[in-house]
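Descriptive analysis of the structure
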Amino acid sequence: MVPTLSHFLAVAALLFAAGLFTVLTRRNAVAILMGVELMLNAANLNLVAFNRYVVGGMAGQTFALFVVVLAAAEAAVGLAIVLSIFHTFKTIDVRAADLMRE
Amino acid sequence: MEHAIQQLGPTVVHQAGYLWLIPLFPAIGALINSLVGIRIQRTFGKRWNHAIAIGMMTLSFLVALRAFAQLLALPAGERFLQNTLWNMMTAGQLSFDLAFALDPLSMMMVLIITFIGTLIHVFSVGYMADEPSYWRFFAYLNLFIFAMLLLVMGDNFAVMFFGWEGVGLASYLLIAFWYTDIEKAKAGMKAFVVNRFGDFGFILGLFLLFWSLGGIWEPRADARSVNYVPGIGYKADPTALNPYESTGPRNAIVHGHTIKLGPTLNFRELRDQVVIEGTGVGEHLRHQKLWGIALMTLVGILMFVGAMGKSAQLPLYVWLPDAMAGPTPVSALIHAATMVTAGVYMVARLSYLYAMSPTAMGWVAIVGVLTAIFAATIGFFQYDIKKVLAYSTVSQLGFMFVGVGVGAYWAGSYHLLTHAFFKATLFLASGSVILGCHHEQDMRRMGGLKKLMPVTAWTYLVATWAIAGFPWASGFYSKDEILWKAFTQRSMEFFGTPAPWLGPAIFATGLLTALGTSFYMFRSYYMTFTGPYKGGAGHAEEHDEDPHSAHAAPHHVTAGHPHDDEDPKPAPAHAIHAHAVPAAAHVASGHDDHGAHGHVPHESPLSVTAVLVTLATGAVLVSILGIPKLWSGHDPILEHWLAPALPAEVTFAHFGHATEWLFQGMGVAAAAIGWYFAMLLFKDGKSRVPHDLKHRFFGVWTVVYNKYYVDEAYHALIIRPALFLASFLSWFDQHVIDWIVNFFGWLARFIAAIDDAIDKYVVDGAVNGVGGLTREGGRLLRRIETGRIQTYLYGAALGSLLVVLLNFLFR
């Protein structure tokens, strides 16, 4: 069986759904960040797949590389925020960080 | 009067910049004595108070003499001095200056006022010596002279009216001088209020005159257009649309003289435009009518109402007898010499206006003669020496009005002059008697004073001769002239009806009055100065210079005179005199001063007798001014002197010399008859005839003794209704007006309450409703904001899912 675009898109959709589910359901801030990573990588998969099957050339791959770098940076910032939350609330449960409500 | 026939020109004015000094000096005196007088009296003594007052009077008199000299040096037709200080007011056509003017008439008045005024000031030094508030008296006297001088020297009605009101105020202050005695305070108030009645008429007449001068001049049918008269350029403002409504000064040119026309308050301007034929103003005024009455009649009568108040004519004379409550010098100054003659002066001043209305002339003469005889009859039976003189003053004023009423303006003015002298003498002599008898005024408690007070007695006798009308004293000349002119006056009208009988009728009544005058004046002389002295039973407990002593007199006489025991009228409760401190102190200290004399009357001090002698001499000497033409062949000096100031044209019937001699004889005979009967009845006080007559005609006697119950009539007809009206109005005010006011207050509160409710519930409701809605909305929406990141993400996910779904659904 030769893999087609639809296979890639299905995998990416599943991956995105898993990431989204993680972000929406987990209380742990680190886990949420991990969910975000999943979603980013689902997007990466889409970029590479479309580049391979539809566009051609190297643009999609390059884009994906940038997203990976961006994800690393995002993780660094996100973890720093988590650390700060932990410092403040002595927990990394996101439900604790609700100071913005009235 | 021949001089009036000739064509009159405009007044020639000579400026005299010092005239203002004449009224200024008394004003300064009044100011000093009223502001610091009490300190002067305490620090330096009373001497300085009267020194200031008399000094100022003397200065004023000297300036008046200076003016007199200047006036005398001018040609007869040009005797008019003017001194304009500044413009006081200009409003439309109304414009008047603070200006003084002296023409022969006002010069005569000024000389009388300053000369007799000064003498009376001197007299007051002796008379008021025991008065605690000495300074106040002299301040008032000077104030009075100041106002009187304004009255006669005013160049226009405004200044004159200021003086007119000023003398009213000063007389109020002086009559109520001993104000702690309620009767005296009441007398002052009475004088003031009665004068207000007159002033009201005067000011109405003034308004009417001013208005009529400014009216629209319609050309008359008989070709004499007012617009343009041949030979006379009548200039109206050519730019005005309607030449009759021009507001600028209108001038007429008559014989080369420019004469100002139109409404004016200035006497000279008024005189010029009315008197000079060519202006047409006289004709305009003569033919104007208001409500069917000739306008000049209305003006004349209304202004005469003012004179009736000021000069005490029927029916407004009532204040004058009561005004005897004031100190005797005041009676002499105000009620004999000066103030009461203001009305006569006013009529003489406006002679040309009165001459235009025979009805107004007749009215003045009738009121005058009725007053004369009415007051004379009251004078018959009074026992209070000052009351006799008071009624005699009223009566003589009536004579003056007969004079100015029948058109003998100079004779009326001359009687004013002679009366000023002899009545001032009489009053001051009576003051001397009162002083000598320790404030006794009842003539039944006098008698025989001739031996004790010779100077007073002689001066009183001279003045009595004068008033009675004997040729060796002045009254004869003026009274005779008035009566003669009344007899020969045939052109007067009785309310529009020609009445040639009016003149002779007035003459007859006047002659009868002259007889009566002679009788009651000699009666007072004999009762006071001859016979045995009947006083001395002790110092009069009652301080008798009060208006109701006539009521009180029978009361305290009962003890001494058993035959008088029937009181014609029991002393009313209000006549019981509650004597307040100053009056009592006055009597008591007077007692101490004269203690050495006991109760025996004594001659008054030199300051009193000197004045009396001067005035009595004057009363004789002024006859020179009025020697009739019949005797000397030329016009009397005073008539000649006054002629330029009295430009009215009045015609008199002509009679032969024999008739005139006869009438003079009748005048003297009337006086002699009066004297004879008075001598018969009252000399030596032995005759029982007066007493018998009194009991024979007791009813009549009572009525006349009580002054015809005029005061009571006033009380019933005027004062009671006025008080009733006042109380009704008070009730009306409290119940109706207040109710209306309260109703409107309540209404306003009611409306305010409604407004408040609207504000509170509708307006505030809307505002609060919007606010509440926003707040509640906000509260509801706030629930959404949980602050949890995952909630928002759910929203975002759902939203994007929705977008995707919609994308599928609505393609």
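Given the structure is predicted, the values throughout are model-derived calculations rather than measurements. Per chain, residues are indexed from 1 in the order of the written sequence. Working convention: letters from A go to chains and numbers from 1 go to ligands, in the order in which they are written. Under the rules for a predicted model, residues below a pLDDT of 70 receive no local features and side-chain atom pairs below 80 are neither given nor counted, while totals for whole chains, interfaces and linings still include all residues.

Structural notes on the overall build of chain A
A run of DSSP states H or I qualifies as a helix once it reaches four residues; a run of E qualifies as a strand once it reaches two. Both are numbered from the N-terminal end. Summing up its helical and strand segments, chain A has three helices and zero strands in all. Each helix and strand of chain A, placed in order from N terminus to C terminus, yields the pattern α-α-α. Whereas a compact globule of 102 residues would reach a radius of gyration of roughly 13 Å, chain A reaches 17 Å, over 25% beyond that. Considering only C-alpha atoms, chain A reaches an extent of 50 × 25 × 25 Å along its principal axes. Each residue is represented by a C-beta atom placed from its backbone, and any two residues with such atoms within 7 Å are regarded as in contact. In chain A, the proportion of contacts linking residues at least 24 apart, taken out of those at least 6 apart, comes to 49%. Both definitions apply: the radius of gyration is a C-alpha atom measure, and the globule rule equals 2.2 Å times residues to the power 0.38.

Some points on the overall build of chain B
In terms of helices and strands, chain B carries 32 helices and 10 strands. Per-residue burial over chain B gives 49% buried out of 811 residues. Contacts in chain B between residues at least 24 apart in sequence constitute 78% of all its contacts with a sequence separation of at least 6. Residue burial is a threshold on neighbouring C-beta atoms within 10 Å of the residue's own C-beta, all placed from the backbone, with 20 or more meaning buried, 12 or fewer meaning exposed, and counts in between meaning partly exposed.

Some points on the sheet that holds strand 1 (residues 14-15) of chain B
All names here are of chain B. Reading across the sheet, the three strands line up as 1-2-3 and stay open at both edges, with mixed pairing between neighbours. For this open sheet the edge positions go to strand 1 and strand 3 (94-102), each flanked by a neighbour on one side alone. With nine bridges connecting them, strand 2 (residues 81-91) and strand 3 associate as antiparallel partners. Its bridge partner being in strand 3, Ala 91 is matched across the sheet by Leu 94. Any two strands between which DSSP finds at least two bridges are classified as paired.

Overview of the interface of chain B and chain A
On the chain A side, the residues contacting the 10 residues of chain B number 10 residues. No other element matches the five residues that helix 32 (residues 789-809) of chain B contributes to the side of chain B that touches chain A. Gly counts as polar in this scheme, as do all residues outside two lists: the nonpolar Ala, Val, Leu, Ile, Met, Phe, Trp, Tyr, Cys and Pro, and the charged Asp, Glu, Lys and Arg. Along the lines of polarity and charge, the residues of the side of chain B that touches chain A split into four nonpolar, three polar and three charged.

Points about the nonpolar core
Only buried residues count toward a nonpolar core: Ala, Val, Leu, Ile, Met, Phe, Trp, Tyr and Cys, linked into one set through C-beta atoms within 7 Å. Counting residues in hydrophobic clusters, the biggest one holds 227 residues, and the most contacted among them are Phe144(B), Val364(B), Ala365(B) and Ala424(B). Counting residues per element, this core draws most heavily on helix 6 (residues 134-153) of chain B, which supplies 18 residues. As annotated, the domain borders come from an automatic or database domain assignment. When residues of this core are assigned to domains, at least three map to each of domain 1 (2-209 + 297-705) and domain 2 (215-289) of chain B. Counting residues in hydrophobic clusters, the runner-up holds six residues, among them Val23(A), Ala29(A), Ile32(A) and Ala97(A).

Overview of the domain arrangement of chain B
Residue and element names in this part refer to chain B. Per the domain assignment, the segments making up chain B are domain 1 (2-209 + 297-705), domain 2 (215-289) and domain 3 (710-799). Going through the elements one at a time, strand 3, helix 7 (157-175) and helix 15 (351-354) are the ones with two or more residues in the side of domain 1 that touches domain 2. Its residues placed into classes, the side of domain 1 that touches domain 2 shows 10 nonpolar, five polar and two charged.

Here we look at the pairing of strand 2 of chain B
All names here are of chain B. Summarising the sheet, strand 1 and strand 2 pair through two bridges and their orientation is parallel. Opposite His 14, over in strand 2, you have Leu 81 as the bridge partner. Between strand 2 and strand 3, which follow one another and run antiparallel, lie two residues, and Gly 92 among them has a positive phi close to 60°.

Quick look at the environment of Arg42(B)
Residue and element names in this part refer to chain B. Of note, Arg 42 is situated in helix 3 (residues 37-43). When the 10 C-beta atoms within 10 Å are taken as the criterion, Arg 42 is described as exposed. Residues Arg 42 and Trp 135 lie 93 residues apart in sequence; the distance between their C-alpha atoms is 9.9 Å.

So, unusual backbone geometry
A cis amide bond, omega -5°, links Leu314(B) with the succeeding residue Pro315(B). Note on placement: Pro315(B) falls in the loop between helix 11 (295-310) and helix 12 (319-322). Non-glycine residue Lys90(A) carries a positive phi angle of around 60°. Secondary-structure assignment places Lys90(A) in the segment after helix 3 (59-89). You can call Lys90(A) exposed: it has 9 C-beta atoms within 10 Å. Backbone geometry at Ala312(B) places phi at a positive 55°, although glycine is not the residue there. Checked against the element boundaries, Ala312(B) lands in the loop between helix 11 and helix 12.

A word on helix 2 (residues 29-55) of chain A
All names here are of chain A. In this analysis, the expected span of each helix is defined as 1.5 Å times one less than the number of residues it contains. With 27 residues, helix 2 should cover 39 Å at 1.5 Å per step; its first-to-last C-alpha distance of 37 Å lies within 8% of that length. Taken together, the buried positions of helix 2 are Ala 29, Ile 32, Leu 33, Gly 35, Leu 40, Ala 42, Asn 44, Asn 46, Leu 47 and Ala 49. If you follow the buried residues of helix 2, they end up packed against helix 1 (5-25) and helix 3. Positive backbone phi, at 90°, marks Gly 56, one or two positions downstream of helix 2.

Remarks on the environment of Ala69(B)
All names here are of chain B. Structurally, the position occupied by Ala 69 is in helix 4 (residues 46-73). Among the residues examined, Ala 69 registers 9 C-beta atoms within 10 Å and is labelled exposed. Sequence spacing of Ala 69 and Met 400 is 331 residues, and the spatial spacing of their C-alpha atoms is 27 Å.

Describing the packing of helix 7 of chain B against helix 8 (residues 182-213) of chain B
All names here are of chain B. Between the N-to-C directions of two axes lies an angle of 0 to 180 degrees, each axis being a line fitted to C-alpha atoms and, for a helix, fitted only over the stretch in contact. As a packed pair, helix 7 and helix 8 sit with axes 8 Å apart at the nearest point and diverge in direction by 170°. Considering their axes alone, helix 7 and helix 8 lie roughly antiparallel with respect to each other. Considering the relative orientation of helix 7 and helix 8, their crossing is right-handed. Note on element contacts: helix 8 touches helix 7 through Ala 187, Gly 188, Ala 191, Phe 192, Asn 195, Asp 199 and Leu 206, opposite Phe 157, Trp 164, Glu 165, Gly 168, Ser 171, Tyr 172 and Ile 175. For this classification, under 35 degrees means roughly parallel, over 145 means roughly antiparallel, 65 to 115 means roughly perpendicular, and everything else is oblique. The sense of a crossing depends on the near helix, which, turned anticlockwise from the far helix by less than a right angle, makes the crossing left-handed and, turned clockwise, makes it right-handed.

Examining helix 1 of chain A
Taking 1.5 Å of rise per residue, the 21 residues of helix 1 of chain A would be expected to cover 30 Å, and the 30 Å separating its terminal C-alpha atoms lies within 8% of that figure. The complete set of buried residues in helix 1 of chain A reads Ala12(A), Gly19(A) and Val23(A). End-on, the buried residues of helix 1 of chain A take up no more than an arc of 40°, which puts them together on one face. Along helix 1 of chain A, the residues that are exposed and aim more than 90 degrees away from the buried face are Ser6(A), His7(A), Ala10(A), Leu14(A), Phe21(A) and Thr25(A). Among the structural elements, helix 2 of chain A together with helix 32 of chain B are those in contact with the buried residues of helix 1 of chain A. Directions are taken from the helix axis to each C-beta atom, and the arc is the one they span.

Re the environment of Lys184(B)
Considering the arrangement of structural elements, one finds Lys184(B) in helix 8. Put simply, Lys184(B) and Leu174(B) are 10 residues apart on the chain and 9.9 Å apart in space, counted from C-alpha to C-alpha.

Structural notes on the packing of helix 18 (residues 409-436) of chain B against helix 20 (residues 454-468) of chain B
Each packed pair of helices is defined by two parameters, the angle between the axes and the distance between the axes. Residue and element names in this part refer to chain B. Where helix 18 contacts helix 20, the two axes come as close as 9 Å, and the packing angle between them is 145°. Where helix 18 crosses over helix 20, the handedness of that crossing is left-handed. Touching Thr 418, Phe 422, Thr 425, Leu 426, Ala 429, Ser 432 and Val 433 of helix 18 are Thr 456, Thr 459, Tyr 460, Ala 463, Ala 466 and Ile 467, all from helix 20.

Side note on the confidence of the model for chain B
Residues and elements named next belong to chain B. By definition, pLDDT measures how confident the predictor is in each residue, and it falls between 0 and 100. For chain B, mean pLDDT is 79; residues scoring 70 or higher make up 85% of the total. For the stretch residues 216-248, pLDDT sits under 50, and the model shows 34 contacts to residues farther than four places along the chain or on other chains. Across residues 538-598 the pLDDT falls below 50, and counting only partners more than four positions away or on other chains, this stretch makes 95 contacts in the model.

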